[in-house]
Structure formats: structure tokens, C-alpha cells
Amino acid sequence: AASINHPNTVYVYGTEEIEGAPVITMEIVDGGTLQERVIARGPLPVSEAVDAILQIIAGLEAAHAVGILHRDIKPSNIVITARGQLKGLDFGLAKIAQAGDLDGPDAQTQERLTEAGSILGTPGFMSPEQLRGKTIDARSDIFSLGVTLYECATGIHAFERGTPLEVSLRVVADTPPPPSELN
């Protein structure tokens, strides 16, 4: 993630391991999250929701261009600066797109973060492929961004009702109501 240098992502200074736990050092950004904004003021006006998502798309394009998948896009991982700029943050679950690019200590950390049978991320924002443990690519982040846009436009999460298993099953099998029915 430290290789991403884009105004719509927080700058990651570096990573290390402290007492066996992976740690990311990143820029401090004053401001609240997109989730806090939607909770406090309700659904965003359409133009504001679209602008927010376009800003995050720009940051994700920069990440994808260097082979990084975020894997945890959601409103609580998007911060709004005092100037109104949006920045994607929390690259704690980010993954290099091609496993062959991993070597050395980072490979060991990546293996621990992606053990077979484990679910890492927020089920209601994960793509069906990610929930099924399938190979993912940029489309998984795009799915998560779509769920984020849905929440920004409606004030309601598309799938988040019930236990994590119930939410996961909804993501895989259900289609949420069209946003126009809710806002």
C-alpha cells in the first residue's frame, strides 16, 4: 500500500510487525468517515453520492494500477477531509493482486491474513466471489464500491441484516431493492 500515491487514498508510510501483529503507519487525516456523514445527515444527494464514489474510484484505480486490491471498501473506510476531499483508508486487508509477486516476510504475513476457510472483511460489503473464497480481482473492490454507493444513496445498507452468515447468504443470493424505491 505504501506504493500508492494518490490524493484519494491515505498515504501509507510503511508497515512493520510489532509483537507478532502487522502494523501500518499512515497519514493522519482530520475529518469524519463517510459512514458518519450518512448516519448524521441521512442519504446523500445524488450529485454528492456520485462525486464521493468517483473520488474513491480514482484512488482505487491508483491502487489497482500497482496491483493492490483493497478488499475492505466500505463507508467507514472512507474519510472526508476538512476540505471535503474523500480518501480511502484502512489497507489492513489489502492484497497484492498476483500471489507470485509476494516473497519474503510480506508473503508470510499475507498467508496469515488469507488462511483457507477464513473470512476477512465485512461480509455485507464483500463480493460473492470473496465470500466463497474464490480468486478475486478488481471487480471485487468494484462490487464493494457499489454497495457503498447504495448506502450513500439510500441511507440503508443493501444486505446488513442479521448474523454475519445471514448477511453473507444475502450477498450471494439476493438482489436488494432498487435505490429508487428507498429514496
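For the structure, see preceding data.
Analysis parameters
Residues numbered from 1 in each chain as written. Predicted model: local features only at pLDDT ≥ 70, side-chain atom pairs only at ≥ 80, totals over all residues. Heavy atoms only, no water. Helix = DSSP H or I, 4+ residues; strand = E, 2+ residues; numbered from the N terminus. Buried < 20%, exposed > 50% of the residue type's maximum accessible area, 1.4 Å probe, protein only. Contact = heavy atoms within 4.5 Å. Expected span 1.5 Å × (residues − 1). Polar contact = N/O pair within 3.5 Å; in protein donor to acceptor, adjacent residues only side chain to side chain. Pairing = 2+ DSSP bridges.

**Focus: the overall build of the protein**
Across its full length, the protein carries seven helices and six strands. Counted from the first residue to the last, the protein has its helices and strands arranged as β-β-α-α-β-β-β-β-α-α-α-α-α. Expressed as a percentage of its 183 residues, the buried residues of the protein come to 40%. Sequence separation of at least 24 residues holds for 61% of the intrachain contacts in the protein that already meet a minimum separation of 6.

**Some remarks on helix α5 (residues 138–154)**
The end-to-end C-alpha distance of α5 is 25 Å, a good match for the 24 Å that 17 residues give at a rise of 1.5 Å each. Burial in α5 covers these residues: Ser140, Asp141, Ser144, Leu145, Val147, Thr148, Tyr150, Glu151, Cys152 and Thr154. At its buried positions, α5 is contacted by α1 (34–41), α2 (46–65), β3 (68–69), β4 (78–80), α4 (128–131) and α7 (179–182). At the exit of α5 stands Gly155, carrying a positive phi of roughly 80°.

**Things to note about the side chain of Ser140**
By the secondary structure assignment, Ser140 is in helix α5. Side-chain polar atoms of Ser140 contact the side chain of Gln130, separated by 3.1 Å. Excluding residues within four positions of it along the chain, Ser140 makes contact with Ser127 and Gln130.

**A short note on unusual backbone geometry**
Positive phi, close to 50°, is recorded for Glu19, a residue that is not glycine. Relative to the assigned elements, Glu19 resides in the loop between β1 (12–18) and β2 (21–26). Residue classification places Glu19 among the exposed residues on the basis of a relative accessible area of 82%.

**Quick notes on the pairing of β1**
Bridge count between β1 and β2: six bridges; the pairing is antiparallel. Paired with Thr15 across the strands is Ile24, a residue of β2. The hairpin turn running from β1 into β2, its antiparallel successor, is two residues long, and Glu19 in that turn takes a positive phi close to 50°.

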